Amino acid sequence: MANLKEEIEKRRTFAVIAHPDGGKTTLTEKLLLFGGAIQVAGAVKSNKIKKSTTSDFMEIEKQRGISVATSVMGFNYKDFNINILDTPGHKDFAEDTYRTLTAVDSVIVVIDVAKGVEEQTEKLVEVCRMRDTPVIVFINKMDREGKDGFDLLDEIEEKLKLTTCPLSWPIGMGQEFKGVYNLYEKQLNLFSPNTKYGNILEFNDILNPELERHIGEDAAEILREEVETIEEVYPEFDQEAYLGGKLSPVFFGSAINNFGVKELLDCFVEIAPSPVEFSTEEREINPYEDKFSGFVFKIHANMDPRHRDRIAFLRVCSGIFKRNTNYLHIRKEKKIKFSNPTTFMASKKEVVDNAYPGDIVGLYDSGNFKIGDTLTEGEILHFKGIPSFSPELFKYIENADPMKSKQLAKGITQLMDEGVAQLFTKNSNNRKIIGTVGQLQFEVLQHRLKHEYSASCQYAPIQLYKACWITSENEDKLAEFIRKKTNYMARDKEGRNVYLAESKWMLQTSQNDYPEIEFHFTSEF
Ligand code: G4P
């Protein structure tokens, strides 16, 4: 059997994140082309629900189908085993993305040179910072007119709170884009839209007059000045700092033209972390430990209507995951083994016998798993995830077909386990409330209940400002609060106390009246 240490060291598991339309799909596709995982451009369809807020159900359905296959894309490049974890671009599914970010060792952020740092990118990078995830920045669409390089770096530092360190630098942009100077390899990479990945020249000395010959006098002068400024102003690349999430290398390029992508990938495999330690409530887990451990970060319903099961995506954190071997499902306190665990090479699913730290394994599941579940060889561990955030939109969910109430209950439970939305049950009358981050989630839920569980639901409006989890060391006060606010109290699916505030004013009043009670806006506290 392969050596665990060697297997770990050659793995790179990461996510590409961007604001919708930044170029995430295009960049991912080019990376896969380099790895030979796909042969032609256009093979990876974006799994985002494109630009539509009005729902096109067939489209959602189709795209969800595709996204099962492209949820994890494994490929080999040089001697490395690379796993790209795909993330939904649509903001209504941001929670999905946050959860995927708990399963990666590093991240590449794509930024559109014209648009600069956009809202969704800010939120996603904030989640990366919570875990000190190492971040590489790729500034995309250099073939278009955009913002000045230095201004962009300032914007990244300010909005994303990342300390940057350019490892490549653009020579012009838009019509005048001539290429990039690779500061890391000391190479000049000349842009011509029709070559496979530019024309790369060794260029150790930027003062060499040959530079003029390649890019012209004006561009040469500007490049020399700018490189001098970079050397004066920006920190030198320091791998330790990058690995600690304290320094972010920046590359410039054009994904659609496959330009600057090879530099990015070559540098990435060299500097990006191999599988890192993971935190559990009990202790830190080192990937090199010989005992297997892993956790489920995503659950996906099988799109094939003949197979009702789901796929749970497990990140292997330590040791070797083996097929047909009993593992302890911590929450269920029972042993389970898997006869057909799959990996995702080149967006094809293949049965695997052994999976190593950094790998993502797909486990067929008939309802055993929830997001966050841990599997081990016997040790009691609970991996720390990203908390659920307080939802922003709320609706009552009601049964629209009395003959199908069982199906509806089952569907709701399973879809909540998948993390489609959050469910709260009111204390006073047991009415069920769905909380989401975006309108689209309500539609997806309704659609999936119908198609996967033959259950019909309808929504009724509810006036709610926030749902927050409440705790207190003072049990009497907590009991009093729950009694007095009984019409505004609910339980989440774990049975925890949730206060439903109708308005900002009500929330503030309650907070003032009950200083002994803590109001939490995330579900992990
Ligand atoms: P996303 O996954 O982050 O949402 O972005 P995606 O890759 O789908 O790219 C968004 C749009 O930007 C696409 O155009 C894509 O072709 C374009 N694009 C990506 N990289 C570059 C680049 O380097 N230069 C330029 N000029 N454009 C780029 P679209 O018109 O929305 O879609 P499509 O019809 O071209 O697929």
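Just so you know, the residues in each chain are numbered from 1, in the order the chain's sequence is written. Note on the predicted model: pLDDT of at least 70 is required for a residue's local features to be given, and 80 or more for side-chain atom pairs to be given and counted; whole-chain, interface and lining totals, by contrast, use all residues. Hydrogens are left out, water is left out, and the side-chain values use all remaining heavy atoms of the structure.

## Things to note about the overall build of the chain
In step 1: Secondary structure elements are defined from DSSP: runs of H or I of at least 4 residues count as helices, runs of E of at least 2 residues count as strands, and each element is numbered from the N terminus. Helix and strand content of the chain: 14 helices and 31 strands.
In step 2: Any two residues whose heavy atoms approach within 4.5 Å are treated as being in contact. Pairs at least 24 apart in sequence give 71% of the contacts found in the chain among residues at least 6 apart.
In step 3: Here the accessible surface of atoms and residues is derived via Shrake-Rupley with a 1.4 Å probe, and residues count as covered only by protein chains that are part of the display. Accessible surface, the chain: about 23,200 Å² in total, of which carbon and sulfur atoms supply 47%.

## Structural notes on the packing of aromatic side chains
In step 1: Stacked, tilted and edge-to-face pairs are distinguished by plane angle, under 30 degrees for stacked and over 60 for edge-to-face with tilted covering the rest, among Phe, Tyr and Trp rings (Trp via its six-membered ring) whose centres lie within 6.5 Å. Across all of its chains, the model carries 24 aromatic pairs by this definition.
In step 2: Between Phe292 and Tyr327 the ring centres are 4.5 Å apart and the planes differ by 50°, which places this aromatic pair in the tilted class. Remark: Tyr327 occurs in strand β17 (residues 327–329) and Phe292 occurs in the loop between β13 (284–285) and β14 (293–301); sequence separation between them is 35 residues.
In step 3: Exposure categories follow from relative accessible area, calculated using a 1.4 Å probe and restricted to protein chains: below 20% of the type maximum is buried, above 50% is exposed, and the middle band is partly exposed. With relative accessibility at 1%, the residue Phe292 sits in the buried group.

## Focus: the pattern of salt bridges
In step 1: By convention in these notes, a salt bridge is any Lys or Arg side-chain nitrogen within 4 Å of a carboxyl oxygen on Asp or Glu. This structure, assessed with the given rule, holds 29 salt bridges.
In step 2: The partner of Arg310 in a salt bridge is Asp365, with the nearest N and O atoms 3.3 Å apart. Highlighted residues: Arg310 in strand β15 (residues 310–318) and Asp365 in strand β22 (residues 360–365), separated in sequence by 55 residues.
In step 3: Residue Arg310 is classed as buried on the basis of its relative accessible area, which comes to 2%.

## A word on the environment of Phe519
In step 1: Within the fold, Phe519 resides in strand β31 (residues 518–520).
In step 2: Phe519 gets classed as buried once you look at its relative accessible area, which sits at 13%.
In step 3: Phe519 sits 52 residues away from Ala467 along the chain, and the two C-alpha atoms are 9.5 Å apart.
In step 4: Not counting residues up to four positions away in its chain, the partners in contact with Phe519 are Cys468, Trp469, Ile470, Phe481, Tyr499, Leu507, Ser510, Gln511 and Tyr514.

## Description of the sheet that holds strand β8 (residues 179–182)
In step 1: Strands pair, by our definition, only if DSSP identifies at least two bridges between them. One open sheet accounts for 4 strands, arranged β7-β8-β9-β10; its pairing is antiparallel. Strand pairing shows two members of the sheet lacking a second neighbour, β7 (168–171) and β10 (199–202), which therefore form its edges. On average, each strand axis in the sheet is tilted by 20° relative to the strand beside it, whichever way the strands run.
In step 2: Relative to strand β9 (residues 187–190), β8 runs antiparallel, the two sharing 4 bridges. Across the sheet, the residue bridging to Asn182 is Gln187, located in β9.
In step 3: A fitted line through C-alpha atoms serves as each axis, taken over the contacting stretch for helices, and the angle formed by two N-to-C directions is quoted from 0 to 180°. Against the sheet, helix α8 (residues 217–233) makes contact with β7 and β8, and its axis sits at roughly 155° relative to β7, the strand it touches most.

## Considering the side chain of Thr164
In step 1: As for its placement among the helices and strands, Thr164 is situated in strand β6 (residues 164–166).
In step 2: In this structure Thr164 comes out as buried when scored by relative accessible area, which is 0%.
In step 3: Among the polar contacts listed, one links the side chain of Thr164 to the side chain of Glu157, at a separation of 2.7 Å.
In step 4: Contacts of Thr164, omitting those with residues within four sequence positions, involve Leu153, Ile156, Glu157, Tyr234, Pro235, Leu247, Ser248 and Val250. What qualifies as a polar contact is a pair of N or O atoms within 3.5 Å, subject to a donor-acceptor requirement within protein and to the restriction that residues adjacent in sequence count only when both atoms come from side chains.

## Overview of the pairing of strand β25 (residues 422–426)
In step 1: Within β25, 5 of the 5 residues are buried, which leaves it mostly tucked inside the rest of the structure.
In step 2: Burial along β25 is two-sided: the residues Gln422, Phe424 and Lys426 and Leu423 and Thr425 are all buried.
In step 3: Inspection of the sheet shows β25 paired to strand β26 (residues 432–436) by 4 bridges, in the antiparallel sense. Paired with Phe424 across the strands is Ile433, a residue of β26.

## Focus: the packing of helix α11 (residues 405–417) against helix α12 (residues 439–453)
A packed helix pair is summarised by two numbers, namely the angle formed by the two axes and the spacing between the axes.
In step 1: Contact geometry of α11 with α12 gives a least axis separation of 10 Å together with a crossing angle of 120°. When the axis of α11 is compared with that of α12, the two are oblique. Where α11 crosses over α12, the two elements pack in a sense that is right-handed. Side by side, α11 and α12 meet where Gln407, Leu408, Lys410, Gly411, Ile412, Gln414, Leu415 and Met416 of the first sit next to Leu445, Arg448, Leu449, Glu452 and Tyr453 of the second.
In step 2: Partitioned by chemical class, the residues of the contact of α11 with α12 number 7 nonpolar, 3 polar and 3 charged. Relative orientations are named as follows: roughly parallel for angles under 35 degrees, roughly antiparallel for angles over 145 degrees, roughly perpendicular for angles from 65 to 115 degrees, and oblique for any other angle. In this scheme the handedness of a crossing depends on how the near helix is turned from the far one: anticlockwise by less than a right angle means left-handed, clockwise means right-handed. For this scheme, ten residues count as nonpolar: Ala, Val, Leu, Ile, Met, Phe, Trp, Tyr, Cys and Pro. Four count as charged, namely Asp, Glu, Lys and Arg, and the remainder, Gly too, count as polar.

## Some words on the pairing of strand β24 (residues 393–399)
In step 1: By the bridge criterion, 5 bridges tie β24 to β26 in an arrangement that is antiparallel. Residue Leu393 lies in a different strand from β26, and its bridge partner there is Thr436.
In step 2: Direction of pairing for β24 relative to strand β27 (residues 457–461): antiparallel, over a ladder of 5 bridges. Bridge pairing in β27 links Ile397 to Tyr459.

## Concerning the nonpolar core
In step 1: Ranked by internal contacts, the top residues of the largest apolar core, which has 62 residues, are Leu101, Ile139, Ile156 and Leu223.
In step 2: Considering each element in turn, this core owes the most residues, 5 residues, to α8.
In step 3: Here the bounds of each domain stem from an automatic or database domain assignment. Two domains share this core, each providing at least three of its residues, namely domain 1 (4–271) and domain 2 (278–376).
In step 4: Beyond its immediate sequence surroundings of up to four residues, Leu101 is in contact with Ala15, Ile17, Val107, Leu124, Val127, Cys128 and Arg131.
In step 5: Note on terminology: a nonpolar core comprises buried Ala, Val, Leu, Ile, Met, Phe, Trp, Tyr and Cys residues joined through side-chain atoms within 4.5 Å. Grouped together as the second largest cluster of nonpolar side chains are 32 residues, Val16, Ala241, Phe251 and Cys267 included.

## Remarks on the confidence of the model for the chain
As a general rule, the predicted coordinates of low-pLDDT regions are not to be interpreted in detail.
In step 1: pLDDT is a residue-level measure of predictor confidence that goes from 0 to 100. On average, residues of the chain score 87 in pLDDT, and 89% of them reach the 70 mark or higher.
In step 2: Mean pLDDT across the elements of the chain ranges from a minimum in helix α3 (residues 57–69), with 52, to a maximum in strand β5 (residues 135–140), with 98.
In step 3: For residues 46–58, every residue scores under 50 in pLDDT, and the model assigns this stretch 27 contacts once sequence neighbours within four places are set aside.

## Some words on helix α6 (residues 149–159)
In step 1: For α6, the set of buried residues is Gly149, Phe150, Leu152, Leu153, Glu155 and Ile156.
In step 2: If you follow the buried residues of α6, they end up packed against β4 (106–112), β5, β6, β7, α8 and β11 (248–252).
In step 3: Remark: Lys161 follows α6 within two positions and exhibits a positive phi of approximately 55°.

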